[in-house]
Amino acid sequence: MTETAKGNGTEKNDKLSIIAWSGDLDRIWPTLILSTTAAASGMEASVFFTFWGLFPLVKDGKRITGNHWMQKGLSAINPGGIDKLKLSKLNFAGAGPWMMKSLARDNKVPNPRELLELAQEMGVRLIPCQMTMDLLGLTEDDLIDGLEAPVGAATALLEMKDASVQLFI
Amino acid sequence: MTETAKGNGTEKNDKLSIIAWSGDLDRIWPTLILSTTAAASGMEASVFFTFWGLFPLVKDGKRITGNHWMQKGLSAINPGGIDKLKLSKLNFAGAGPWMMKSLARDNKVPNPRELLELAQEMGVRLIPCQMTMDLLGLTEDDLIDGLEAPVGAATALLEMKDASVQLFI
Amino acid sequence: MTETAKGNGTEKNDKLSIIAWSGDLDRIWPTLILSTTAAASGMEASVFFTFWGLFPLVKDGKRITGNHWMQKGLSAINPGGIDKLKLSKLNFAGAGPWMMKSLARDNKVPNPRELLELAQEMGVRLIPCQMTMDLLGLTEDDLIDGLEAPVGAATALLEMKDASVQLFI
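Parameters and conventions
Residues numbered from 1 in each chain as written. Chains lettered and ligands numbered in written order. Predicted model: local features only at pLDDT ≥ 70, side-chain atom pairs only at ≥ 80, totals over all residues. Heavy atoms only, no water. Helix = DSSP H or I, 4+ residues; strand = E, 2+ residues; numbered from the N terminus. Buried < 20%, exposed > 50% of the residue type's maximum accessible area, 1.4 Å probe, protein only. Lys, Arg positive; Asp, Glu negative; His and termini not counted. Salt bridge = Lys/Arg side-chain N within 4 Å of Asp/Glu carboxyl O. Polar contact = N/O pair within 3.5 Å; in protein donor to acceptor, adjacent residues only side chain to side chain. Contact = heavy atoms within 4.5 Å. Phe/Tyr/Trp six-rings, centres within 6.5 Å; stacked < 30°, edge-to-face > 60°. Lys NZ or Arg CZ within 6 Å of the ring centre and 35° of its normal. Pairing = 2+ DSSP bridges. Right-handed = clockwise from strand over helix to strand, strands pointing away. Expected span 1.5 Å × (residues − 1). Axes fitted to C-alpha atoms, helices over the stretch in contact; angles between N-to-C directions.

Visitor: Describe in detail the side chain of Asp26(B), supporting the description with residues and values.
Guide: Considering the arrangement of structural elements, one finds Asp26(B) in helix α2 (residues 25-40). Within the buried set, Asp26(B) has no salt-bridge partner at all; the shortest N-O distance to an opposite charge, 6.0 Å, is to Arg27(B). One polar contact links Asp26(B) to Trp52(C), side chain to side chain, over a distance of 2.8 Å. Those residues within four positions of Asp26(B) in sequence are excluded, and the remaining contacts are Lys86(B), Leu87(B), Ser88(B), Lys89(B), Trp21(C), Phe51(C) and Trp52(C).

Okay, here's the thing in structure tokens:
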């Protein structure tokens, strides 16, 4: 790790690397649009899901339980799964996300579930954050299939260093 | 498009490229400060306005009406225009933005309207997102003058790929 | 400044440069994790603290008073100091941050205060934004020790231009 990390920072690949920190519907949406667009243009694309960004990768119906009462409490308030995402504003107890998805459908814009599946089909690399999994008491079994092995911040930095486009969303 | 997109990701220009995703006053402010500062330093600067970020580009007094009742509802709650922006926190029904603008004026910091005009005078390229316009039912006539033609995510990625500084704000 | 700013944008150093715009606990945390991880990997790391991001650098117990009643009001609502940070969501009047810090402790993840001290020990360059200090009526004496001299947006852009990884958090 250290050898690579000390390498020349100037060697960039034709690659998009995103840190998906937010689990909000309106931030996951551009993350998935940008990464699938990059893949469609022939770029490599990788997304590192950390903090709130991990929630969209939790399996449908899976509740985050962990062993700790605080992990259970967090889960009750903030359920995981790509269909449960909230807007960062104008959420209105779910009316906002429903409205946005409906407008998207009328305009032939794929919704986040479709985009997530598309990303996997197109080879976008989806990488969960190990530290966040530990904090939330999640194992790989709790996350959707088709993800890469969880990694830490040092590996996420390496992903970004050789990417020609790097974004924190 | 694909040919360019497959080009070497390492060729960077002396350029700042921002994705302005947020329409919050406190995020539009740094977007405009950074892009006008870049232009003043001789850098090229381009800003791609998408999602909530499109609202500051809506003409004063223009209501987003579209043809869809949901577009009308969104407009009533979230009016466009550079003077109507809210803070992401401490908004207090408009008292927060008023206070921030007042403090800025006392400290000779330009407000967003002044910065937007300055950006246009200095040649900062302001680019609206086509998909967001479709979702909101907006046409180019609904947006302020002096913008570039609307583009999609693929073109926005190309803007970022050759930029030495790329930010998602 | 202009000479450097007009230099070739392609010369990148092995360096992480972050604009820390947010003062939220859940954004300061990844900022400090990424910058200390970068330093531990042999990268240079610099963080430019601006807007809400300046609040974590305010000395413990220091109230932002300035000379202006609006600065005093802002301080009362949004006290500074690394231990007072709130979550961007699920804050619950402080219960959320306490829960997150408790989970972190159980999982051997350093809290923000420890990470801030670690960052300083590891040579992460912490740079306050001059304009934000002016707006808030803060002097260097009001901020914690060990920071670099305050700078403006032009210098912050130069920090980013030669960095192989640049993030707006």
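Visitor: Report on the packing of aromatic side chains, specifying residues and quantitative values.
Guide: Taken as a whole and judged by the stated rule, the model has eight aromatic pairs over all chains. A cation sits over an aromatic face here: Arg27(A) above Trp21(B), 4.0 Å from the ring centre.

Visitor: Pulling in residues and values, what's your account of the pairing of strand β2 (residues 44-49) of chain C?
Guide: Residues and elements named next belong to chain C. Of all six residues in β2, five are buried; the element is thus mostly enclosed. One ladder, built from six bridges, connects strand β1 (residues 13-20) with β2; its direction is parallel. Within the sheet, the bridge partner assigned to Ile18 lies in β2 and is Val47. Crossover handedness for the path β1 to helix α2 (residues 25-40) to β2: right-handed. Bridge analysis of β2 against strand β3 (residues 125-128) gives four bridges, and the strand direction is parallel. Within β3, the position partnered with Val47 by the bridge is Leu126.

Visitor: Tell me about α2(B), and please be specific about residues and values.
Guide: One turn of the α-helix equals 3.6 residues, which is why residues spaced by three or four share an orientation. Residues and elements named next belong to chain B. Here α2 is 16 residues long and its end C-alpha atoms lie 22 Å apart, about the 22 Å a rise of 1.5 Å per residue gives. Counting buried residues in α2 gives 15 out of 16 residues, a clear majority hidden from the surface. With its phi angle positive at about 90 degrees, Gly42 sits one or two positions after the end of α2.

Visitor: Kindly report on the sheet that holds strand β2 (residues 44-49) of chain B, identifying the contributing residues and their values.
Guide: All names here are of chain B. The strand order across the open sheet formed by four strands is β3-β2-β1-β4, and the pairing between neighbours is parallel. The two strands at the open ends of the sheet, each matched to only one other strand, are β3 (125-128) and β4 (163-168). Direction aside, neighbouring strands of the sheet carry axes that sit 15 degrees apart on average. Pairing analysis gives five bridges linking strand β1 (residues 13-20) to β4, with the strands arranged parallel.

Treat this as a map of the structure, not an account of what it does.
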